[in-house]
Amino acid sequence: MAVKDKDRFSTATRLRALGEQTAARVYRSQTKRQQRRSRLTGRAALLALVLCTLVVALAYPMRQYVSQRAEIADLEREQEQARQKVEQLRDLKARWQDDAYAEQQIRLRLHYVLPGETGYVVVDPDAAKQARVDAGAADRPWYANVWDGVDKADAVGR
């Protein structure tokens, strides 16, 4: 028993025991790591493949669905605007059926007056000046206007 105890406390024996313990730990950790890695990698790869397949398979139909829903919303909005325009036109038609409204609009737009009334037209001085400037070409003969147009076109090219 004394030899065994002595052997137990020797440096070589302790180093050998430590080496065996370390080797066992490394072996266990590598085994666990390999088991985890191989098991998760296969499942993860399959899951990734399935998800990618679903995304690719559903991408175009979803894009079409979204674009069609947007188009339907635009068409519904246009339809509502058309309904409102029809209602406005019906209201306007109904107003024009009323003689009092028609008379009011005729007097306002065409400057008609009833017998015994005096009509006045107020002219804006700025509008009258603008009309005179525009009427300058109408006061001259047509061939003068054509010749001026040719001169202007020729001057732009230089």
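Because the structure is a prediction, the values reported are computed rather than measured.

The rules we used
- Residues numbered from 1 in each chain as written.
- Predicted model: local features only at pLDDT ≥ 70, side-chain atom pairs only at ≥ 80, totals over all residues.
- Heavy atoms only, no water.
- Helix = DSSP H or I, 4+ residues; strand = E, 2+ residues; numbered from the N terminus.
- Buried < 20%, exposed > 50% of the residue type's maximum accessible area, 1.4 Å probe, protein only.
- Areas by Shrake-Rupley, 256 points an atom, 1.4 Å probe, with all protein chains shown as cover.
- Expected span 1.5 Å × (residues − 1).
- Arc of directions from axis to C-beta.
- Phe/Tyr/Trp six-rings, centres within 6.5 Å; stacked < 30°, edge-to-face > 60°.
- pLDDT = per-residue confidence, 0-100.
- Salt bridge = Lys/Arg side-chain N within 4 Å of Asp/Glu carboxyl O.
- Contact = heavy atoms within 4.5 Å.

**Considerations on the overall build of the protein chain**
The secondary structure content of the protein chain amounts to 5 helices and 0 strands. Helices and strands in the protein chain line up, N terminus first, as α-α-α-α-α. Split into buried and exposed, the 158 residues of the protein chain put 2% on the buried side. Total accessible area computed for the protein chain in this model is approximately 14900 Å², and 60% of it derives from carbon and sulfur atoms.

**A closer look at helix H3 (residues 99–110)**
The end-to-end C-alpha separation of H3 is 16 Å, in line with the 16 Å expected for 12 residues at 1.5 Å each. Taken together, the buried positions of H3 are Tyr 101, Ala 102 and Gln 105. Down the axis of H3, the sector holding all buried residues measures 100 degrees, keeping them to one side. Away from the buried face of H3 by more than 90 degrees, exposed residues Asp 99 and Ala 100 are located. Count one or two residues on from H3 and you reach His 111, which has phi positive near 60 degrees.

**Topic: the packing of aromatic side chains**
A complete count under the given rule lists 2 aromatic pairs for this structure. Aromatic side chains Trp 96 and Tyr 101 sit 5.4 Å apart centroid to centroid with 80 degrees between the ring planes, which places their arrangement in the edge-to-face category. Here Trp 142 and Tyr 143 contribute two aromatic rings whose centre-to-centre distance is 5.9 Å and whose plane-to-plane angle is 80 degrees, an arrangement assigned as edge-to-face. Relative accessible area serves as the criterion here: at 65%, Trp 142 is assigned to the exposed category.

**Overview of the confidence of the model for the protein chain**
Summarising the model, the protein chain shows a mean pLDDT of 83, and 79% of its residues fall at 70 or more. Within the protein chain, the element-level pLDDT minimum falls on helix H1 (residues 2–8), averaging 57, and the maximum on H3, averaging 91.

**A closer look at the pattern of salt bridges**
One pass over the full model with this rule turns up 4 salt bridges. Glu 87 is paired through a salt bridge with Arg 90; the nearest N and O atoms lie 3.4 Å apart. Taken together, the residues Glu 87 and Arg 90, both in helix H2 (residues 11–97) and 3 residues apart, mark about one turn of the helix. For Glu 87, a relative accessible area of 41% corresponds to the partly exposed category.

**Thoughts on the side chain of Gln 105**
Tracing the backbone through its elements, the reader meets Gln 105 in helix H3. Among residues more than four places away in sequence, those in contact with Gln 105 are Trp 96 and Leu 110.

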